[in-house]
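Residue-level structure breakdown
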Amino acid sequence: MTTLNIRQTVVELCVELSHRGHFSGTGGNIALRIDATHIAVTPSATDYLTMTPADVCVLRLADLKQVEGERSPSVESGLHARVLRARPDVQASIHTHQPVASACALLGRALEVPPSPLQQLLGRRIPVVGYAPSGSGWLSSRLARALRPDTNAYLMFNHGVLCCGASTETALQAVEDLEALSKTLLLQAIAARCEREPFMQPALRRVADALAA
Ligand SMILES: [Zn+2]
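For clarity, every value in this text was computed on a predicted model and none was experimentally measured. (Residues numbered from 1 in each chain as written. Predicted model: local features only at pLDDT ≥ 70, side-chain atom pairs only at ≥ 80, totals over all residues. Heavy atoms only, no water.)

**A short note on the coordination of the zinc ion**
Coordination of the zinc ion by the protein is provided by His95 (NE2), His97 (NE2) and His159 (NE2), with metal-donor distances spanning 2.0 to 2.1 Å. Look at where the donors of the zinc ion fall in the sequence and you get H-x1-H-x61-H. With His97 in the loop between strand E5 (92-96) and helix H3 (99-107) and His159 in the loop between strand E9 (153-156) and strand E10 (160-165), this pair connects stretches of sequence that are 62 residues apart. His97 sits in the partly exposed class, given a relative accessible area of 33%. (Donors = N, O, S within 2.8 Å, 3.2 Å for Na, K, Ca; no water. Helix = DSSP H or I, 4+ residues; strand = E, 2+ residues; numbered from the N terminus. Buried < 20%, exposed > 50% of the residue type's maximum accessible area, 1.4 Å probe, protein only.)

Here is the structure:
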């Protein structure tokens with residue numbers, strides 16, 4: 001694939017993520033592998049619905065030196081680079097603040113993936129990466145330590161989510177399936193708490209109804 005094609009794919013993927021509700025405003029960013037030494041990343045603080053391929057930045061994977069694109073690259077370029085360096089099988093890395101999985105990231109508990117084809121896509125267990133400020137080397141290092149060859153989804157405590165995949169399609173599917181799984185697991189946790197604490201039922205039911213809507 002040429003650099004221009006990859007830049008176009010970045011634009012299309014961002015529009016898709018925005019339309020599906022996983023990117024809100026300029027929140028969220030992505031990186032795609034171009035070749036062994038270069039990646040394409042979303043620019044910083046750009047409206048994804050008006051972004052063009054010319055806005056997409058091309059960086060050297062080894063040191064993040066910008067080689068194409070006039071805008072500044074996403075502050076999370078370092079985060080994506082850690083994924084793409086550590087996982088040669090990964091083509092696409094997506095960071096979102098998607099609503100339900102990000103709510104799970106606030107709770108700070110890893111998600112156990114039930115035995116199903118989902119384990120192939122996401123992994124058996126979705127870990128929580130400890131909190132560090134957005135865009136910091138500290139956050140990148142914490143994520144790098146959590147990376148596993150068979151795990152393609154990570155919750156970042158008090159922040160959001162990172163999903164990756166061997167293609168843009170599988171990375172996007174991981175984002176979608178993680179959101180659906182998060183909703184299922186939260187609804188199960190709410191139902192269990194209603195059993196244990198009947199006096200909480202009215203409040204919990206309202207939360208469950210809003211979540212299921
Ligand atoms: Zn973020």
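**Things to note about the pairing of strand E2 (residues 38-41)**
Looking at chain direction, strand E1 (residues 29-33) and E2 are connected through three bridges and run antiparallel. When the bridges of E2 are listed, Ala31 appears paired with Val41. Adjacent in sequence and paired antiparallel, E1 and E2 are bridged by four residues. Pairing geometry for E2 and strand E3 (residues 57-60), over four bridges, is antiparallel. Across the sheet, Ile39 pairs through a bridge with Leu59, a residue of E3. (Pairing = 2+ DSSP bridges.)

**Description of the environment of Arg193**
Mapped onto the elements of the fold, Arg193 is located in helix H6 (residues 168-196). Note: C-alpha distance between Arg193 and Leu139 (54 residues apart in sequence) is 33 Å. If sequence neighbours within four positions are ignored, Arg193 has contacts with Met200 and Leu204. (Contact = heavy atoms within 4.5 Å.)

**Concerning the nonpolar core**
The biggest cluster of nonpolar side chains holds 42 residues, and the ones touching the most others in it are Ile126 and Leu178. Of all the elements, H6 adds the most residues to this core, at nine residues. Each residue touching Ile126, except ones within four places of it in the same chain, is listed here: Ala110, Leu111, Val113, Ala153, Tyr154, Leu155, Leu178 and Leu181. (Core = buried A, V, L, I, M, F, W, Y, C linked by side-chain atoms within 4.5 Å.)

**Notes on the side chain of Thr151**
Within the secondary structure, Thr151 is located in the loop between helix H5 (137-146) and E9. When near neighbours in sequence (up to four residues on either side) are disregarded, Thr151 contacts Arg87, Leu122, Gly123, Arg125, Pro127 and Cys164.

**Description of the sheet that holds E5**
Read across the sheet, eight strands follow the order E4-E3-E2-E1-E5-E10-E9-E8 without closing on themselves; strand pairing throughout is mixed. Among the strands making up the open sheet, the edge pair consists of strand E4 (66-68) and strand E8 (128-129). Pairing of E1 with E5 involves four bridges; the strand directions are antiparallel. Residue pairing for E5: Ala31 is matched across the bridge by Ser93. Running at roughly 150 degrees to E1, helix H1 (residues 3-19) makes contact with E1, E2, E3, E4 and E5 of the sheet. Those strands touched by H6 are E1, E5, E9 and E10, and its axis lies near 145 degrees from that of E10. (Axes fitted to C-alpha atoms, helices over the stretch in contact; angles between N-to-C directions.)

**Observations regarding the packing of H1 against H6**
Between H1 and H6, whose axes approach to 12 Å, the crossing angle comes to 20 degrees. When the axis of H1 is compared with that of H6, the two are roughly parallel. H6 is crossed by H1, and the crossing has right-handed handedness. From H1, Thr9, Leu13, Glu16 and Leu17 reach across to H6, where they touch Thr168, Leu172 and Val175. Class assignment of the residues belonging to the contact of H1 with H6 gives a composition of four nonpolar, two polar and one charged. (Parallel < 35°, antiparallel > 145°, perpendicular 65-115°, else oblique. Left-handed = near helix turned anticlockwise from the far one by under 90°. Nonpolar A, V, L, I, M, F, W, Y, C, P; charged D, E, K, R; others polar.)

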